[in-house]
Amino acid sequence: MRDVASIRRVGRGRLILSPSWLVLSLLLIGALLLALNSQLLWRMDQLLYDAQLKLWSRPPPQDVVIVAVDSGSLTQLGRWPWKRGIHAELIDRLSAEGARAIFLDILFVEPDQQHPEEDARLADAIARSNRVFLPVIIEQLMRDGQLTETLPMPLLAEKARGFGHVDIDLDPDGIARRVFLREGVGSAHWPSISVAILQAVSPEQVKTLPGGRNPDVISSGAAAIVRDHHILLPFAGPPGHFNSLPYAEVLSGTYPADYFRDKIVLVGATAPGLGDLIPTPVSGYNRPMSGVEINANLIDALRRGIAIETLDIKWQLQLTGLILFLSLLSFPFIKPRLLFLTVGVMFFSTLGISSLLLHSLQLWFPPTAILTGLLLGFPLWSWRRMVRTARYFEQELTRLREEPRNIQFYEASGHFSSGLNFLKEILQFDGWVLCDAMGLVINSSDRALVATPPGSLILLGQTRKEMWLWLLIPRGNTHWQLGLKMNEALYQDPDAMELLTEYIEQFGVNYRPERRGNVELVERQVRRVQSAIADLRSTRRLLSDILRQMVDGVLVINLGGQVVMSNKRAAHFLGIPVESDPVLFDMDVLSHHLSIKGGLTLGAVFRDVLVDGKVVSLEGSIAQQGEMLIQISPLSEAGGRFNGAIIILSDISPLKESERQRTQTLNFLSHDLRSPLTSLISMLEIQKSGVEVLTEVELSDRISRYAHKALRLADDFLRLAKAENADYENFRETDMVSLAHNAVDAVYAEAKSKTITLERIIQSENIWMKADATMLERALINLLENAIRYSPVGSKVTFRLASHEQDVSCCIEDQGQGIAKEDQEKIFAPYQQIRKGASKNQKGTGLGLAFVKVVVEKHRGKITVQSDVNVGASFCLTLPVISEA
């Protein structure tokens, strides 16, 4: 309300700066300054710098020449590297022509083992010239990773006029913009090669080096690169801007007389794939600049005294913060219609100031933070002003806005297309096309789908044209035309058509835009009140639908004990016809149907709910419906007074059945697991008492039998529990053939003890499937052990494995007594032992086949059994395989 009051005072007095806008401006400025200090805006600043640098060109100096080792020279003189005598010949020729300085941007680190006389010839040429400069490189050793300075081999180094580093610093985007005039390992003792040349030929021009200083000029210990005098390099022009001659032409003398006299000659590689070709701000997309030309640019810039320095970060932060602060705080004092123009003037003025500083003072001031602040500040201020204005117009509707609003299932046209695609999937119609009032396609399920709306449509009616159903959707003073391509069967389905119609009607707009005038605000408020009432009605219908579709039964009673609201599920639980009025039954009817455990009555329970305000949760049952969880909560108004209660009936019969099964499992395990242990203890007690002394062999045999029985029971139980908790998504690719062989091999000894023949019929060398190898192999062993256990001596057990297109079948057949038809459904239940014929010592735990079934189902397969009494049994597993694709 404070904002609204401030809007009312506009134009009635002096303007007062809003504290909220001041705080918002400071937060925006702080975020931008943090981004500037953290170099988050670095890339955009570099793009602006590159764009301005491309506009800054100058003619190349006439006394700087590049002798290029280009592709033509390689063709004439042979593959690289050339004999060093060739370079000696070049030096002699350039020296004879009167060159002031010669820089060989070529590394001569190691002597030429095959032609040592070439090294001597080159050294003599360098000594005779006394104007040759050689590069120093800083590299990292492969053996220990240490940094080292690599100089030319001593034979040449002692003859050279000077040395300098040729390192060119690349920005994170891989573009060369900056150089360091001094650099070295441990201290910045090596000048740039350009500085070294100028110190020899024109020392007055580099008496004081420009650039940003490094406070730590000398390293504090370990070998590290130390750099000093950092500058941004003002390139004179794009690659190829400097005067250049091919190496081969210079050797052949194909150049004007006195061409090299009193000139600085830079010799280096420019051929692709041979030298260091580096992207620069003035390079084209496919034209990097050679390292020797970059050094030529540096020589020219140092002689002209136009090295660019970056404004110190402290000054950047202060100037950026001040400019943004003054700009943002001026927004409230500028008329709205002039604000956009003012922001544009500020934007381009910032670019102009940055460009002026760059070109006149050789000082780079990054403007991105200011530009970003202006671009964000304008919409932020406009949004804030719009919010305050909207708050004023809505102050009369505050009470209505506090009322419950409808749950918006449908937005405007944003969800229309996705909803149609969803209905297309569930109703299986062929496609849809949405057109505007002129018949132009707005959207469609498929761009290839083409359809033309009919000439006239009835408002929200249906017009059938061939395979298309066309609907007209009003949209205020215009309309949409929706075409649905569907077959006749879907068109004749009333439920499907009702679903489509109900969804489409949500997007109909049946009122026209309000006319502007003096009554516009009042009309808008009336419409908003009408909309709020419609929302309340829609919410009530929505809540009724939610209650009707709930899986739990819901009953709402008033203070008189009468049911005033219920859903279908509650009526189903209570055995009451859905068509009956819920008010017709009361507490007596509820008491007749509901039985509460513990002997409690509904009257006592409702006393706790309605008088004490407690939430009660208890268990009960309803005749012929099963066991119920009954939850009763008080209903109260906003003032806190109770006006009824809500009863939720949840069917917990499946949960109780599961609980009973769990209890049965525990009882079974406690009995069967205790039985061998109890027998074992009793036998030991008898042995100690001396009443019936067993021999050592008998005692050992019985202890082994009882212990193995207990262990087998525990193992089977743990395997079953593990299988029930297995997840198919965690299974891995497994060879079913290998599992089959392993399983058959595992039961070979048991079969041999009964002289039972194990026959393997496996038709494939490998069958890959997604499986848990341990569980699946154990399941096969269980089936084989059962087959051996219930087969007579001297019979045969057959293992068949066959691969099909989509699955693999695995069958285990025995020649035992078989399983009766009525027992075949029971054998897979836990703790069931149906088959006869095994001895007492061979009797199983009743968990083996239950484990097999769980494993098969976890592998998304199925298991079947074919058997009859005295004809043996055949258990077949069908499991999905992994396709070769």
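Since the model is a prediction, treat every value here as computed from it, not as a measurement.

**Here's the deal with the packing of aromatic side chains**
Link 1 in the chain: Enumeration over the complete set of coordinates arrives at 12 aromatic pairs.
Link 2 in the chain: The interplanar angle of 70° and the centroid separation of 5.2 Å between the aromatic rings of Tyr49 and Trp364 together place this pair among those described as edge-to-face. On the criterion of sequence distance, the pair formed by Tyr49 in helix 3 (residues 42-54) and Trp364 in strand 15 (residues 363-364) is long-range, its members being 315 residues apart. In this pair, the class of Tyr49 matches that of Trp364, namely buried.
Link 3 in the chain: Among the aromatic residues, those joined into a cluster by ring pairs are Trp21, Phe331 and Trp381.
Link 4 in the chain: Here the basic side chain of Arg464 rests over the ring of Tyr491, its NZ or CZ set 4.6 Å away from the ring centre.

**A few points about the packing of helix 15 (residues 416-427) against helix 17 (residues 494-505)**
Relative placement of two packed helices is described by the angle separating their axes and the distance separating the axes.
Link 1 in the chain: Taken N-terminus to C-terminus, the directions of helix 15 and helix 17 make an angle of 175°; their axes are 11 Å apart at the nearest point. Regarding the angle of helix 15 to helix 17, the classification is roughly antiparallel. Residue-level contacts link Phe416, Gly419, Leu420, Leu423, Ile426 and Leu427 of helix 15 to Ala496, Leu499, Leu500 and Tyr503 of helix 17.
Link 2 in the chain: Of the residues in the contact of helix 15 with helix 17, the class split is nine nonpolar, one polar and no charged.

**Describing the nonpolar core**
Link 1 in the chain: Membership of the largest hydrophobic core comes to 51 residues, with the highest contact counts inside it found for Met736, Phe799, Leu801 and Phe875.
Link 2 in the chain: Apart from residues no more than four positions distant in its own chain, Phe799 is found in contact with Ala740, Val744, Glu759, Arg760, Ile761, Leu780, Leu784, Cys810, Cys811 and Ile812.
Link 3 in the chain: If you look at the next biggest cluster of nonpolar residues, it comprises 47 residues, including Leu48, Ile137, Leu181 and Val292.

**Observations regarding the environment of Glu813**
Link 1 in the chain: Relative to the elements of secondary structure, Glu813 occurs in strand 31 (residues 807-813).
Link 2 in the chain: Sequence spacing of Glu813 and Ala873 is 60 residues, and the spatial spacing of their C-alpha atoms is 5.8 Å.
Link 3 in the chain: In contact with Glu813, other than residues within four places in its own chain, are Lys796, Val797, Thr798, Arg800, Ala873 and Ser874.
Link 4 in the chain: In this structure the side chain of Glu813 is engaged in a polar contact, spanning 3.0 Å, whose partner is the side chain of Arg800.

Thresholds applied
- Residues numbered from 1 in each chain as written.
- Predicted model: local features only at pLDDT ≥ 70, side-chain atom pairs only at ≥ 80, totals over all residues.
- Heavy atoms only, no water.
- Phe/Tyr/Trp six-rings, centres within 6.5 Å; stacked < 30°, edge-to-face > 60°.
- Helix = DSSP H or I, 4+ residues; strand = E, 2+ residues; numbered from the N terminus.
- Buried < 20%, exposed > 50% of the residue type's maximum accessible area, 1.4 Å probe, protein only.
- Lys NZ or Arg CZ within 6 Å of the ring centre and 35° of its normal.
- Axes fitted to C-alpha atoms, helices over the stretch in contact; angles between N-to-C directions.
- Parallel < 35°, antiparallel > 145°, perpendicular 65-115°, else oblique.
- Contact = heavy atoms within 4.5 Å.
- Nonpolar A, V, L, I, M, F, W, Y, C, P; charged D, E, K, R; others polar.
- Core = buried A, V, L, I, M, F, W, Y, C linked by side-chain atoms within 4.5 Å.
- Polar contact = N/O pair within 3.5 Å; in protein donor to acceptor, adjacent residues only side chain to side chain.

Take it as geometry only, folks, not as evidence of what the structure does.
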